Amino acid sequence: MTNWWTAFPTVALVVLVSGCSSIHHSYEYDDVTQKRMGEQLYLEDSLSVFFAKYPNPYRDKEVLWLASFLEGAVALEVHSMENDSLVAVYRFDPQEAPIYPIAYRGDAADPVKCVITVNGRPKCATLLPSFYVLNVPQWGTTYTIEQY
């Protein structure tokens, strides 16, 4: 018979690893739309593409959540608030899940305008602190970054 106290570290490690492998619980449309961020401007398809807001489970980073229930190429355009110039474009690889999380660290002193596009068409926008992304490949969201 295994002593529970000696097995506890193994059980804790399994729970911790399984909890970190997915940062989102449900990809169902009704569940995701309940997490819709309030502070955004809708341009078109507001029911299908939006920024979402979930509790942040991390102390060392922020998470930006994008949701797209449309078919097609999803991108995030980041524009300077000073002159509206394009700063960067994040082009997401196709994925089955409608949620695109991006880990980042931000600078609230320098806000940027972020626009979600699908197939090159702007769908919604919001203001965020300027940020630099942190690579978290185990989340399953992959993208390329074009800097301007």
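Above this text you will find the structure in question.
Residues numbered from 1 in each chain as written. Predicted model: local features only at pLDDT ≥ 70, side-chain atom pairs only at ≥ 80, totals over all residues. Heavy atoms only, no water.

Participant: Can you lay out empty space enclosed by the protein for me, pointing to particular residues and giving the numbers?
Facilitator: Using the criterion set out here, one finds one cavity of 30 Å³ or more in the structure. Size it by volume and the largest cavity reaches roughly 60 Å³. What lines the largest cavity is simply Pro 101, Ile 102, Ala 103, Leu 134, Asn 135, Val 136, Pro 137, Trp 139, Thr 141 and Tyr 143. Per element, the largest residue contribution to the lining of the largest cavity is three residues, and it comes from strand 6 (residues 99-118). Grouping the amino acids of the lining of the largest cavity by side-chain chemistry returns eight nonpolar, two polar and no charged. (1 Å grid on protein atoms, 1.4 Å probe; cavity = no way out; pocket = protein on both sides within 12 Å on 5 of 7 lines; lining within 4 Å. Points joined across faces, edges and corners; volume = space filled by probe spheres on them. Helix = DSSP H or I, 4+ residues; strand = E, 2+ residues; numbered from the N terminus. Nonpolar A, V, L, I, M, F, W, Y, C, P; charged D, E, K, R; others polar.)

Participant: Can you tell me about the pattern of salt bridges, naming the residues and giving the values?
Facilitator: A full pass over the atoms with the stated rule returns six salt bridges. Note that Asp 60 and Lys 61 form a salt bridge whose closest N and O atoms lie 3.2 Å from each other. Residue classification places Asp 60 among the partly exposed residues on the basis of a relative accessible area of 42%. Counted as one network, the salt bridges with shared partners bring together Glu 44, Asp 45, Arg 121 and Lys 123. (Salt bridge = Lys/Arg side-chain N within 4 Å of Asp/Glu carboxyl O. Buried < 20%, exposed > 50% of the residue type's maximum accessible area, 1.4 Å probe, protein only.)

Participant: Lay out the packing of aromatic side chains in plain terms, naming residues and giving numbers.
Facilitator: All chains considered together, the criterion is met by nine aromatic pairs. Ring centres of Tyr 54 and Trp 65 lie 4.7 Å apart, and the angle between their planes is 55°; on these two criteria the pair is classed as tilted. With Tyr 54 in the loop between strand 2 (49-52) and strand 3 (62-68) and Trp 65 in strand 3, this pair connects stretches of sequence that are eleven residues apart. Exposure remark for Trp 65: the relative accessible area of 3% places this residue in the buried category. The structure contains a cluster of three or more aromatic residues connected by ring pairs, namely Tyr 90, Phe 92, Tyr 100, Tyr 104, Phe 131 and Tyr 143. (Phe/Tyr/Trp six-rings, centres within 6.5 Å; stacked < 30°, edge-to-face > 60°.)

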